[in-house]
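Letter by letter, the chains look like this.
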Amino acid sequence: MTHEPMRTPLYDAHVKLGARMVDFSGWMMPIQYDGIIAEHHRTRTDVTMFDTCHMGRFRVAGPGSGEAINRLVTAELSTLKDGQCRYGFLLREDGGILDDLIVYRFDAEHWMIVVNAGTLPKDREWIRSRLPAGVMFEDASSRMAKLDVQGPKAFAKTAEVLGVDAASLGYFRFRTFDYGGEAIVSRTGYTGEKGVELYVDATRIVELWDRFLAAGVKPAGLGARDTLRLEAGLPLYGHELSEDITPVEAGLERYLTKASAYIGSDVVRQRREQGPAKRLTGFRIEGRQAARAGQTVLVNNRPVGIVTSGSFAPTLQVAIGFAMVEMALAAPGTPVQVDTGRNCLDAVLVNPPFYKAG
Amino acid sequence: MVQKNVWYTKDHEWVSVEGDTATVGISDHAQAALGDITFVDLPKPGKVVKAHDSLAVIESVKAASDVYAPVGGTVCAANDTLGAAPETINQAPLGEGWLCKLKPFDAAGLAALMTAEQYEAFLAES
């Protein structure tokens, strides 16, 4: 039995704008509109919007809901304030990463968990089946829509279109507002620029999209989303993160500060004490030819790692990427080569981010 | 936008001839399909190719694509301006975005290629 790819409520809008559509994790999504590089630059210098409806949004509520989620994720939720959110990971008992996610606290008994599209069904079953009786779980992914508005003008355009002040929100803070029902604006994003993620009722998303278009905000697709997040040094599940590694191998120990136990915390602690055998690192090629995921990283002709993501970086004008490399050789500054199959590219290991917004 | 005095391949390369020199590039259809071009791996002068050999590799943000020699010949020049500005291929695929020149080249090989009108028809039916 084959499944047709799913469509977000904005599918017709993308087609109407002439977007090139691809199947991404079972969803027909826009890869580009007027060009990946133009959309990338526009996000860094102006403002763009991204249809992110395909991502998952779970609502968890009731007495003990916060404590219940806190036992499932690496993020320390006990110190979150109302209107604050935090990035973390959902781990298996063996420490393998099921997903990266953001947990939002509305109040002590109302939470939202935002997850990736490709892992939505897996995450849903994992979380729902591990919540105690009395804690309510709702997969709100169809009921609520999500739109990312990113770039230096994102706050201004959000204020213009919605009358909502995002500029005064701190980073990883959010507030609710009314937009034909409950709506959320959070100061979060996946581009390395200032911006917001907007959550509105799915019945209002087409209208919201049209209002941003009318205000002069152009859309950007998944192609630019990938080049932007790569430059910003942000991992992508399925590339930098997977069930085969813990966040320690991913070099993301700064997100593992929680002292209390969660699923996978024993393995995480052991791995940190012993040190991982391999580590995720960035690399930079002094040239435009890209390394791609799956290619081998070499030091003195010896294979020492594998590329997890690679692309030409439009803002930096060179090729960059991430690679999982033997721990002993993963230090920034190490010169390496990447075997593209056609040739070997000279590169140097660097700590991400590759780019920081001015 | 398909020029005259040019021959086309089914793989969307074009070749134009002036005297004993053939110039090779990719069509407007090809550059649009590739998207933003970020890097071009051009052949070195002196390289000898047969028709259908890989002549160059064009990278776009998401992928790498081979460019095949429309006819056999010897590379006599490559478009060095593309090193710093590969997007020229997107902007002017039939003009300044030329990839390389062949001299000598196998003129008999042109007979197997499509004229501009035939290429337009070929695009229309695919």
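All figures in this text were calculated on a predicted structure; none of them were measured in a lab.

**Description of the overall build of chain B**
Thought 1: Helix and strand counts for chain B stand at three helices and nine strands.
Thought 2: In sequence order, chain B lays out its α and β elements as β-β-β-α-β-β-β-β-β-α-β-α.
Thought 3: Scaling as 2.2 N^0.38, a compact globule of 126 residues should have a C-alpha radius of gyration of about 14 Å, and chain B matches this with 13 Å.
Thought 4: Principal-axis analysis of the C-alpha atoms gives chain B an extent of 35 × 35 × 20 Å.
Thought 5: Counting every position in chain B, which comprises 126 residues, the buried fraction comes to 39%.
Thought 6: Pairs at least 24 apart in sequence give 63% of the contacts found in chain B among residues at least 6 apart.

**Brief notes about the overall build of chain A**
Thought 1: Counting its regular elements, chain A contains eight helices and 19 strands.
Thought 2: In summary, chain A has a C-alpha radius of gyration of 20 Å against a globular reference of 21 Å for 358 residues, a match within 12%.
Thought 3: Its C-alpha atoms put chain A at 60 × 50 × 45 Å along the principal axes.
Thought 4: The buried share of chain A, taken over its 358 residues, is 48%.

**So, the pairing of strand 17 (residues 318-326) of chain A**
Residues and elements named next belong to chain A.
Thought 1: Counting buried residues in strand 17 gives seven out of nine residues, a clear majority hidden from the surface.
Thought 2: The pairing of strand 14 (residues 278-285) with strand 17 spans eight bridges and is antiparallel. Counted as the bridge partner of Ile 285 is Ala 319 from strand 17.
Thought 3: The sheet contact formed by strand 16 (residues 302-313) and strand 17 spans eight bridges and is antiparallel. Paired with Val 307 across the two strands is Ala 323, which belongs to strand 17.
Thought 4: Linking two consecutive strands that pair antiparallel, namely strand 16 and strand 17, is a turn of four residues; a positive phi of about 65 degrees is found at Gln 317 within it.

**Some words on the sheet that holds strand 17 of chain A**
All names here are of chain A.
Thought 1: Here six strands make up a closed barrel; going around it, the order is 14-17-16-15-18-19 and the pairing antiparallel. For this sheet, the mean angle separating the axes of adjacent strands, direction not counted, is 40 degrees.
Thought 2: Bridge analysis of strand 15 (residues 296-299) against strand 18 (residues 335-339) gives three bridges, and the strand direction is antiparallel. Bridged to Thr 296 within strand 18 is Asp 339.
Thought 3: Lying on the sheet, helix 7 (residues 222-231) is in contact with strand 16 and strand 17; it crosses strand 16 at an angle near 120 degrees.

**Considering the interface of chain B and chain A**
Thought 1: With nine residues of chain B in contact, the opposing surface of chain A contributes twelve residues.
Thought 2: Of all the secondary structure elements, the ones that give two or more residues to the side of chain B that touches chain A are strand 4 (37-41) and strand 6 (54-60) of chain B.
Thought 3: Looking at the side of chain B that touches chain A element by element, the count peaks at three residues for strand 4 of chain B.
Thought 4: Here the residues of the side of chain B that touches chain A are counted per class, giving three nonpolar, two polar and four charged.

**Focus on the domain arrangement of chain A**
All names here are of chain A.
Thought 1: Taken domain by domain, chain A comprises domain 1 (11-55 + 142-231), domain 2 (57-121) and domain 3 (277-350).
Thought 2: The interface of domain 1 with domain 3 comprises eight residues on the first partner and seven residues on the second.
Thought 3: If you list the elements that add at least two residues to the side of domain 1 that touches domain 3, you get helix 2 (36-45) and helix 7.
Thought 4: Of the residues contributing to the side of domain 1 that touches domain 3, the split by class is two nonpolar, three polar and three charged.

**Side note on the sheet that holds strand 5 (residues 48-49) of chain B**
All names here are of chain B.
Thought 1: Pairing is antiparallel in the open sheet, where six strands are placed in the order 1-2-3-9-8-5. Among the strands making up the open sheet, the edge pair consists of strand 1 (6-8) and strand 5.
Thought 2: Pairing of strand 3 (residues 21-26) with strand 9 (residues 100-105) involves three bridges; the strand directions are antiparallel. Bridge pairing links Ala 22 to Leu 102 in strand 9.

**Structural notes on unusual backbone geometry**
Thought 1: Residue Pro353(A) follows Pro352(A) across a cis peptide bond; omega there is 10 degrees.
Thought 2: By secondary structure assignment, the location of Pro353(A) is in the segment after strand 19 (344-350).
Thought 3: Across the junction of Lys103(B) and Pro104(B), the peptide omega takes the value 5 degrees, indicating a cis bond.
Thought 4: Its place among the elements puts Pro104(B) in strand 9.
Thought 5: With phi around 50 degrees, Asn300(A) is a residue other than glycine that occupies positive phi space.
Thought 6: By the secondary structure assignment, Asn300(A) is in the loop between strand 15 and strand 16.
Thought 7: A residue is classified by how many C-beta atoms lie within 10 Å of it, and Asn300(A), with 9 of them, is exposed.
Thought 8: Positive phi is not limited to glycine here, since His12(B) has a value of about 75 degrees.
Thought 9: You can see His12(B) is positioned in the loop between strand 1 and strand 2 (13-18).

**Side note on the confidence of the model for chain B**
Thought 1: Of the residues in chain B, 97% reach a pLDDT of 70 or more, and the chain-wide mean stands at 95.
Thought 2: This complex was scored by the predictor with a pTM of 0.96 and an ipTM of 0.91.

Thresholds applied
Residues numbered from 1 in each chain as written. Chains lettered and ligands numbered in written order. Predicted model: local features only at pLDDT ≥ 70, side-chain atom pairs only at ≥ 80, totals over all residues. Helix = DSSP H or I, 4+ residues; strand = E, 2+ residues; numbered from the N terminus. Rg over C-alpha atoms; globule rule 2.2 N^0.38 Å. Buried ≥ 20, exposed ≤ 12 C-beta atoms within 10 Å, placed from the backbone. Contact = placed C-beta atoms within 7 Å. Pairing = 2+ DSSP bridges. Axes fitted to C-alpha atoms, helices over the stretch in contact; angles between N-to-C directions. Nonpolar A, V, L, I, M, F, W, Y, C, P; charged D, E, K, R; others polar. Domains from an automatic or database assignment. pLDDT = per-residue confidence, 0-100.

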